[in-house]
Amino acid sequence: MNEKALRVLEYPKIIEKLKAFAGSEPGKKLCQELIPSCSLEEIRQMQQETSDALHRIYQKGSVSFSGVLDLRGSLKRLEIGSILNIPELLSVCKLLEACNRVKSYSRRENDEVPDDSLDEMFRELQPLTPLSSEIRRCILSEDEIADDASTALRQIRRSIGQTNERIRSQLSSMVNGSSRTYLQDAVITQRNGRYCLPVKAEYRGQVPGMIHDQSSTGSTLFVEPMAVVKLNNDLRELELREEKEIEIILANLSSHVAADNEELTLNIELLTKLDFIFARAMLSKSYNGSEPLFNEEGRIQIKKGRHPLLDPKKVVPVDIWLGKDFDLLVISGPNTGGKTVSLKTVGLFTLMGQAGLHIPAFDHSELALFTEVFADIGDEQSIEQSLSTFSSHMTNIVSFWEQADEKSLVLFDELGAGTDPTEGAALAIAILSNLHRASIRTIATTHYSELKIFALSTPGVENACCEFDVETLAPTYRLLIGVPGKSNAFAISSKLGLPDYIIEEAKGHISQEAESFEDVIADLENSRAAVEQEQAQVKQYREEIAELKTRLEKKEERLEDSREKILAKAREEAHTLLREAKEYADDTIRRYNKLGSSINNSREMEQERTKLRGRMSELEKNMALKNTQKPKKEVKAKELRIGDSVQVLSLNLKGTVSTLPDAKGNLFVQMGILRSQVNLKDLEKLDEDVVSAPNFKRTGSGKIKMSKSASVSMEINLLGKTTDEAIMDLDKYLDDAYLAHLPSVRIVHGKGTGALRKAVHNYLRRQKHVESYRLGEFGEGDAGVTIATFKS
């Protein structure tokens, strides 16, 4: 890419923003050197890397690359046997710690997630934890080596401490003893690394020793007493031994680093590249960018693109497309309307995309691969070169005219301006025509009506304009492709207060053709505004309809949920009522059995029967309220005959019709020992006939003969009986229960050794009229009870 296009389109400013997101100096250097690529494979690879890094940032946050330094120079010195100093070794340690931090960041919680373009680089990182731990153990800071760096160093430093203590003790005894009067101050000081006492000059002979220094006035001599000369010599010797041991420690650490030279070099390269990639991702995140799709057909389609250098709160997104239906776009409109911004947006997006950077636009925006971008934007007139505005533009155009081809993108700002309008317009049309014939993708901004007409009359060329609100005298910055723009000079002047007669006179100087063309543009603009308003209303109506539909669906879901809850509750209550009815019926039957042995108890039996009917009527009313099922086929009154088999839905029981329906559809149905009044809506007709339960009959002597159904209980108790006795009783009981049309019975056999239960199950297995049997569940008697169900 030519340097002029990069500068004019403000690409260096994007690079400066990119550098700010890099965490290391090598990473910043890579950012600085980033230029657009012309290789489609390389571009797509870089775009994929940026997208993958951005995905990780959104998932796990950003990662710090601080501590990554370019140590390749230091590592090169190791190859020739040099020893690294303390700061260099600490830099190696920081590099490895950064490597470990980045490696930890790369680990995924879900191993099933497929690899992205960064995983291979993360895997190749080698934190070399033992090496970094060893350096940290030996080196505490740039000024201090740890005592535990080696055994010899620890012993030397212990000896230094002891020697220091002996020297101070000896000198302290002199300071606090008889020599105090000879001293200028009662302090112990050092000169040239040796301990001294400040002795008054007049008492020089009273304190034997070596003079190392004197004060500026000569009144104080710094004397090393003879008593500590040997100790000072020992101390100096220990310090030299300490320095030598430190050199040995640094040499050992350097040898460890040299052994991992290749791994360290690879770590530097990988971390620098990753820092560069994550800087691109952070830049994308800063302006909510997306990955553009690249093609080699010269097709551009930018969706809601925002110039990345403008205030994101104020910038107006633009939709721009080029290269599909037309390859030349002419943008017109008033000054400060956004024409140049739209022009720069296309050029800058192209440069950014080919540099592997995301663009601030909607997903699936498309960019074309260009080998060159040529931009003639701005006024670059030069007094020194005697170039006017027009001349500077022409010089720039001439410079790239021969280089531009079908793989180039050409951008013109105010093409043909700065000279006679007629000649400038003619020249602009000629330039654009040649570029159009060469199939070179071109965008140009203009004020010339001749260029608007050229765009209207030439195939493959399209007009566009930047919208302007005449009422507010302010541009909206919206780019409208397909509509030529108006300069709106007369409207703006009128709004600003220019007298109408001047404006009318000015209109008189415009040719009839030009005025008609401007009127056509104005009509088009009004029509477009009306269509847009109607489209906005349609969109609003659609949104309202969608919202109403959503609300209706939610309401239906709530109603369905409520209905299911009501049905479930009703079924539960119906089962409860049915269980109560069965229990009450069983209790009443037991009373009948007791009273049936005595003829004198007929009145009491009649009272019991009356109570039973009353209780059944009460339960019947409650059950009618709980009816939650609907018949598969509606039963009509004329279809029913006495004795027909029916299913009572609310009770979930089968029975026989005892009476024909009345005018309201009510009739009596006999269900075993129960005789209830039900409605036709609660019935479902069955194909098979149900054996009618005989009614109570009164004999001539006043005795009551009870039917079989009135004497059969829902349960038989076999506890305490032998197997043979139990099977005999069970055989008779099952026959009676089946004839009484009971749906199921409860057989109590107890748990015990299980012999009685086994005999009962073997017997039930052989009975053809028993459909199934099972052990009781919790609340029914568990394994001590068997529930047998008859065939219907």
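Residues numbered from 1 in each chain as written. Predicted model: local features only at pLDDT ≥ 70, side-chain atom pairs only at ≥ 80, totals over all residues. Heavy atoms only, no water.

We now examine the overall build of the protein chain. A count of helices and strands for the protein chain gives 21 helices and 27 strands. In the protein chain, buried positions account for 43% of the 792 residues. Summarising the internal contacts of the protein chain: among those between residues at least 6 apart in sequence, 66% fall at separations of at least 24. Summed over its atoms, the accessible surface of the protein chain is roughly 43300 Å², and 50% of this surface lies on carbon and sulfur atoms. (Helix = DSSP H or I, 4+ residues; strand = E, 2+ residues; numbered from the N terminus. Buried < 20%, exposed > 50% of the residue type's maximum accessible area, 1.4 Å probe, protein only. Contact = heavy atoms within 4.5 Å. Areas by Shrake-Rupley, 256 points an atom, 1.4 Å probe, with all protein chains shown as cover.)

Taken N-terminus to C-terminus, the directions of helix 6 (residues 86–106) and helix 8 (residues 129–138) make an angle of 135°; their axes are 9 Å apart at the nearest point. Relative to helix 8, the element helix 6 is oriented oblique. Both helix 6 and helix 8 take part in a crossing whose hand is left-handed. Packed against helix 6, whose contacting residues are L89, L90, V92, C93, K94, L96 and E97, the element helix 8 presents L131, S132, I135 and R136 at the interface. Of the residues assigned to the contact of helix 6 with helix 8, the class counts are seven nonpolar, one polar and three charged. (Axes fitted to C-alpha atoms, helices over the stretch in contact; angles between N-to-C directions. Parallel < 35°, antiparallel > 145°, perpendicular 65-115°, else oblique. Left-handed = near helix turned anticlockwise from the far one by under 90°. Nonpolar A, V, L, I, M, F, W, Y, C, P; charged D, E, K, R; others polar.)

Here E224 lies in strand 6 (residues 220–225). Engagement of the side chain of E224 in a polar contact is seen with the side chain of N232, the distance being 2.8 Å. Those residues within four positions of E224 in sequence are excluded, and the remaining contacts are R194, Y195, C196, P208, G209, M210, H212, V229 and N232. (Polar contact = N/O pair within 3.5 Å; in protein donor to acceptor, adjacent residues only side chain to side chain.)

Here we take up the nonpolar core. Among the nonpolar cores identified, the biggest contains 50 residues, and L18, L34, I300 and L329 are the most heavily contacted of them. Top contributing element to this core by residue count: helix 12 (residues 339–354), with six residues. Those residues in contact with L34 that lie beyond four places of it in its chain are Y11, I15, L18, M46, F276, A355 and L357. If you look at the next biggest cluster of nonpolar residues, it comprises 46 residues, including L95, V102, Y105 and I277. (Core = buried A, V, L, I, M, F, W, Y, C linked by side-chain atoms within 4.5 Å.)

Attention now goes to the environment of N434. Along the chain, the position of N434 falls in helix 14 (residues 421–437). On the basis of relative accessible area, N434 is assigned to the partly exposed category, the value being 36%. A polar contact is formed between the side chain of N434 and the side chain of R437, at a distance of 3.3 Å.

On to the confidence of the model for the protein chain, then. Of all residues in the protein chain, 83% attain a pLDDT of 70 or more, and the chain-wide mean is 82. The low-confidence segment residues 381–387 (pLDDT under 50) makes seven contacts with residues lying over four places distant or belonging to another chain. Per-residue pLDDT stays below 50 along residues 689–710; that stretch engages in 41 contacts with residues further than four places along the chain or on separate chains. (pLDDT = per-residue confidence, 0-100.)

On to the packing of aromatic side chains, then. Taken as a whole, this structure holds seven aromatic pairs when the rule is applied. With a centroid separation of 5.9 Å and 45° between ring planes, the pair formed by F65 and F278 is classed as tilted. Remark: F278 occurs in helix 11 (residues 261–286) and F65 occurs in the loop between helix 4 (40–60) and helix 5 (72–79); sequence separation between them is 213 residues. The class of F65 is buried, set by a relative accessible area of 3%. Judged by its relative accessible area of 4%, F278 falls in the buried class. By way of ring pairs, the aromatic residues F65, Y105, F122 and F278 are connected into one cluster. Residue placement shows K60 over the ring face of Y105; its charged tip is 5.1 Å from the ring centre. Positioned above the aromatic ring of F276 is the side chain of R280, whose terminal nitrogen or guanidinium carbon lies 4.7 Å from the ring centre. (Phe/Tyr/Trp six-rings, centres within 6.5 Å; stacked < 30°, edge-to-face > 60°. Lys NZ or Arg CZ within 6 Å of the ring centre and 35° of its normal.)

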